[in-house]
Amino acid sequence: MTSVLPISKEQMSKNSSSDTSTPPSPVAVPRVCLVTGGTGAIGTVICQRLAKAGHTVATTYRNEEKAKAWQEEMAKQGYVIHIFKCDVGNFDETQKCVKAIVAQLGPITILINNAGITRDTSLRKMSVDQWRDVMSSNLDSVFNVTRPALDYMLESSFGRIINISSINGQKGQFGQSNYAAAKAGMHGFTKALAQEVAKKNITVNTISPGYIETEMIMAVPENIRQGIMSQIPVGRFGTPEDVAHVVCFLINPDSSFITGANIATNGGHFMD
Ligand SMILES: NC(=O)c1ccc[n+]([C@@H]2O[C@H](COP(=O)([O-])OP(=O)(O)OC[C@H]3O[C@@H](n4cnc5c(N)ncnc54)[C@H](OP(=O)(O)O)[C@@H]3O)[C@@H](O)[C@H]2O)c1
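Remember, predicted model here, so these are calculated numbers, not experimental data.

**Observations concerning the overall build of the protein**
Along its length, the protein carries 10 helices and 8 strands. With 272 residues in all, the protein has 43% of them scored as buried. Excluding contacts between residues fewer than 6 apart, the proportion of contacts in the protein whose partners are at least 24 apart in sequence is 74%.

Printed below as a string of structure tokens:
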């Protein structure tokens, strides 16, 4: 894994100052945050919100070309995001990556497990690779990254772990037995770990987004999209900002009493 483009102190200070439309909201304690899958639709906005709040933000990627272009685009917009090549489904690679992030940026105390993929098909047609790839990127990754990052949170007597699950981990979805199992598994992980580390000032929570207005959903034919939207009581798809907002809420020091929770962020689409 490599960190692409060294970041100067001057660039660091741009994070919270380049967007003049929204005043920066400086945080009491700047933290080192790791957002897995930060180059994706939801991850991008999470990274931006954390950077704008004055935190140091790192993300992992697999696709180098995409990640470099993304980092340059972030820099143009005034955000400094550190990028590290790592398949978070691979345990050994992830251990090395977390060490490299800590060596370069300092102890990770905010972790957003956001990396995820889908490989949809009915179970009867599902290959073992489709099952394993989805479990690896969505669920193994949560163990692989949280396991080493937790040591630094324990040493720092502070930690915020947020796992990005899905509405379909709560209600299931045709053609997504792999994805629904992985996303439901994340919440079991959340509840167990939350109990283990509650006394150490570390909270562990899950966010379960509903349908979010990303390229994937916009590629769905208009009539099908309208059908999905008609099932959402608030009458719109979610946005990456809706998810990033909940991340910011959960990492806020005032949210320290919330742990082991699943925050449904779905416009009322599914109420558990
Ligand atoms: N979009 C929605 O409507 C929606 C709804 C509910 C939940 N979610 C969840 O929200 C999260 C983000 O979704 P999104 O729509 O932003 O996805 P996205 O745009 O497809 O981005 C996914 C990101 O995850 C990274 N990634 C995937 N597997 C990885 C691995 N093994 N190692 C390292 N990086 C990996 C990708 O990096 P590379 O491209 O470099 O591989 C990419 O940056 C996912 O967990 C998803 O399941 C999304």
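**What about helix α3 (residues 64-76)?**
Residues spaced three or four apart along an α-helix point in a common direction, a consequence of the helix completing one turn every 3.6 residues. Between its terminal C-alpha atoms α3 stretches 18 Å, which fits the 18 Å expected from 13 residues at 1.5 Å a residue. Turning to α3, its buried residues number three or more, namely A67, W70, Q71 and M74. Projection of α3 onto a plane perpendicular to its axis shows the buried side chains occupying an angular sector of 100°, all on one side. More than 90 degrees from the buried face of α3, the exposed residues found are E65, A69, E72, E73 and K76. Note on α3: the residue one or two positions beyond its end, G78, has a positive phi of about 95°.

**Overview of the packing of helix α4 (residues 91-105) against helix α5 (residues 128-156)**
Across the interface, α4 lies against α5 with an axial gap of 8 Å and an inter-helix angle of 35°. The chirality of how α4 crosses α5 is right-handed. Taking contact as the criterion, the partners of F91, T94, Q95, V98 and V102 in α4 are, on α5, N144, V145, P148, A149 and Y152. Its residues assigned to classes, the contact of α4 with α5 comprises 7 nonpolar, 3 polar and no charged.

**Considering the confidence of the model for the protein**
Per-chain confidence: the protein averages 91 in pLDDT, with 90% of residues scoring 70 or above. In the model, residues 1-14 has pLDDT below 50 throughout and makes 24 contacts with residues more than four positions away in sequence or in other chains.

**So, the environment of F174**
Topologically, F174 is positioned in the loop between α6 (167-171) and α7 (177-197). Judged by the 9 C-beta atoms lying within 10 Å of it, F174 falls in the exposed class. Residues F174 and D120, 54 residues apart in the sequence, show an inter-C-alpha distance of 8.7 Å.

**Focus on the nonpolar core**
By size, the foremost hydrophobic cluster in this structure holds 59 residues, and its most contacted members are I46, A149 and V247. Top element by residues in this core is α5. It accounts for 8 residues. Setting aside anything within four residues of it in sequence, one finds I46 in contact with V35, G38, I112, N114, A244 and V247.

**Focus: the site of the ligand**
Not every one of the 30 residues close to the ligand is listed here, only the nearest: G37, G40, I42, G116 and I212. Among the secondary structure elements, those contributing two or more residues to the shell around the ligand are α2 (41-52), β3 (56-61), α3, α5 and α8 (215-218). Looking at the shell around the ligand residue by residue, the classes come out as 13 nonpolar, 14 polar and 3 charged.

**Here we look at the environment of L250**
In this fold, L250 is placed in helix α10 (residues 240-251). By the C-beta count within 10 Å, which is 23 here, L250 ends up buried. In this structure the C-alpha to C-alpha distance between L250 and I207, which are 43 residues apart in sequence, comes to 9.6 Å. Those residues in contact with L250, other than ones at most four positions away along the chain, are R160, I162, N205, S255 and I258.

The rules behind these values
- Residues numbered from 1 in each chain as written.
- Predicted model: local features only at pLDDT ≥ 70, side-chain atom pairs only at ≥ 80, totals over all residues.
- Helix = DSSP H or I, 4+ residues; strand = E, 2+ residues; numbered from the N terminus.
- Buried ≥ 20, exposed ≤ 12 C-beta atoms within 10 Å, placed from the backbone.
- Contact = placed C-beta atoms within 7 Å.
- Expected span 1.5 Å × (residues − 1).
- Arc of directions from axis to C-beta.
- Axes fitted to C-alpha atoms, helices over the stretch in contact; angles between N-to-C directions.
- Left-handed = near helix turned anticlockwise from the far one by under 90°.
- Nonpolar A, V, L, I, M, F, W, Y, C, P; charged D, E, K, R; others polar.
- pLDDT = per-residue confidence, 0-100.
- Core = buried A, V, L, I, M, F, W, Y, C linked by C-beta atoms within 7 Å.
- Near = placed C-beta within 6 Å.

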